[in-house]
Amino acid sequence: MNLVSRTLEIDASTDARLREIASERGKDVATVLAEAVALLDSVIDLSGPDLEEDRNRYEEFKRTGLAVPLDDVKTWVASWDSVDELPRPQPRKVR
């Protein structure tokens, strides 16, 4: 592995959290950061948003007024893994 020295400026609370995570896992901060970047890369498409899809969805919303309000989504997510897990919220008229 080729190592590169890089200086990053982060706030004190982020630094403290990085050190805490590294200590909990018995790893150094550089390894924790490398693992975090690998995880981020595996779950987020950094190639950029699909603007056409976003525009199409927005146009559909303007046409129909149907959407799932954020509070409905938050309530649904909060119910996950509980005995009272809620079904996925359905779009409804929001305007």
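Read on for an overview of the structure. (Residues numbered from 1 in each chain as written. Predicted model: local features only at pLDDT ≥ 70, side-chain atom pairs only at ≥ 80, totals over all residues. Heavy atoms only, no water.)

## Overview of the overall build of the protein chain
Inclusion rule: To qualify as a helix, a DSSP run of H or I must reach at least 4 residues; to qualify as a strand, a run of E must reach at least 2; elements of each kind are numbered from the N terminus. Values of the radius of gyration come from C-alpha atoms, whereas the globule rule sets the reference at 2.2 Å times the count of residues to the power 0.38. Only heavy atoms enter the contact rule, under which two residues are in contact if any of them lie within 4.5 Å. Only the protein chains shown count as cover for residues, with accessible areas throughout obtained via the Shrake-Rupley method and a probe of 1.4 Å.
Secondary structure assignment for the protein chain yields four helices and two strands. Each helix and strand of the protein chain, ordered N terminal to C terminal, gives the series α-α-α-β-α-β. The C-alpha radius of gyration of the protein chain comes to 21 Å, more than 25% above the 12 Å expected for a compact globule of 95 residues. In terms of its C-alpha atoms, the protein chain occupies a principal-axis envelope of roughly 55 × 40 × 25 Å. Taking the intrachain contacts of the protein chain between residues at least 6 apart in sequence as the baseline, contacts between residues at least 24 apart amount to 40%. When the accessible surface of the protein chain is split by element, carbon and sulfur atoms take 54% of a total near 8,600 Å².

## Topic: the packing of aromatic side chains
Going by this rule: Any two of the Phe, Tyr and Trp rings considered here, Trp counted by its six-membered ring, make a pair once their centres fall within 6.5 Å; the pair's planes then place it as stacked at under 30 degrees, edge-to-face at over 60, or tilted in between.
Inspection of the entire model under this criterion finds one aromatic pair. Taking 5.0 Å as the distance between ring centres and 90 degrees as the angle between the ring planes, the aromatic pair formed by W76 and W80 counts as edge-to-face.

## Regarding unusual backbone geometry
Definition in use: Under the scheme applied here, a residue whose accessible area is under 20% of the maximum for its type counts as buried, over 50% as exposed, and between as partly exposed, the area being computed with a 1.4 Å probe on protein chains only.
A positive phi angle is found at D81, which is not glycine, with a value near 60 degrees. Within the fold, D81 resides in the loop between α4 (70-78) and β2 (92-93). Note on D81: relative accessible area 79%, which makes it exposed.

## A short note on the layout of surface pockets
Note the threshold: Think of a 1 Å grid over the protein atoms and nothing else: a 1.4 Å probe that fits but is trapped marks a cavity, an open set flanked by protein within 12 Å on at least five of seven lines marks a pocket, and residues with an atom within 4 Å of a point count as lining. Grid points are joined across faces, edges and corners, and a volume is the space filled by probe spheres set on the points.
For the largest pocket, the calculated volume is near 390 Å³. In terms of lining, the largest pocket is formed by M1, N2, L3, V4, R6, T7, L8, D28, A30, T31, L33 and A34.

## Here we look at a nonpolar patch on the surface
The following threshold applies: What goes into a patch is any residue over 30% in relative accessible area without a salt bridge, connected to like charges within 9 Å or, for nonpolar side chains (Val, Leu, Ile, Met, Phe, Trp, Tyr), within 5 Å. Salt-bridge detection follows one rule: a side-chain nitrogen of Lys or Arg within 4 Å of a carboxyl oxygen of Asp or Glu.
Side chains of L39, L40, V43 and I44 sit close together on the surface and give an oily, nonpolar patch of about 370 Å² of accessible area. Along the polypeptide, V43 turns up in helix α2 (residues 29-43). Using a relative accessible area of 61% as the deciding quantity, one classes V43 as exposed.

## Considerations on the pattern of salt bridges
Under the definition given, this model contains seven salt bridges. Across the salt bridge formed by K27 and E35, the nearest N and O atoms sit 2.6 Å from each other. Of the charged contacts, one joins E59 and K62 as a salt bridge, the two residues approaching to 3.1 Å between their closest N and O atoms. Here K62 and E59 lie together in helix α3 (residues 51-64), a separation of three residues that amounts to about one turn.

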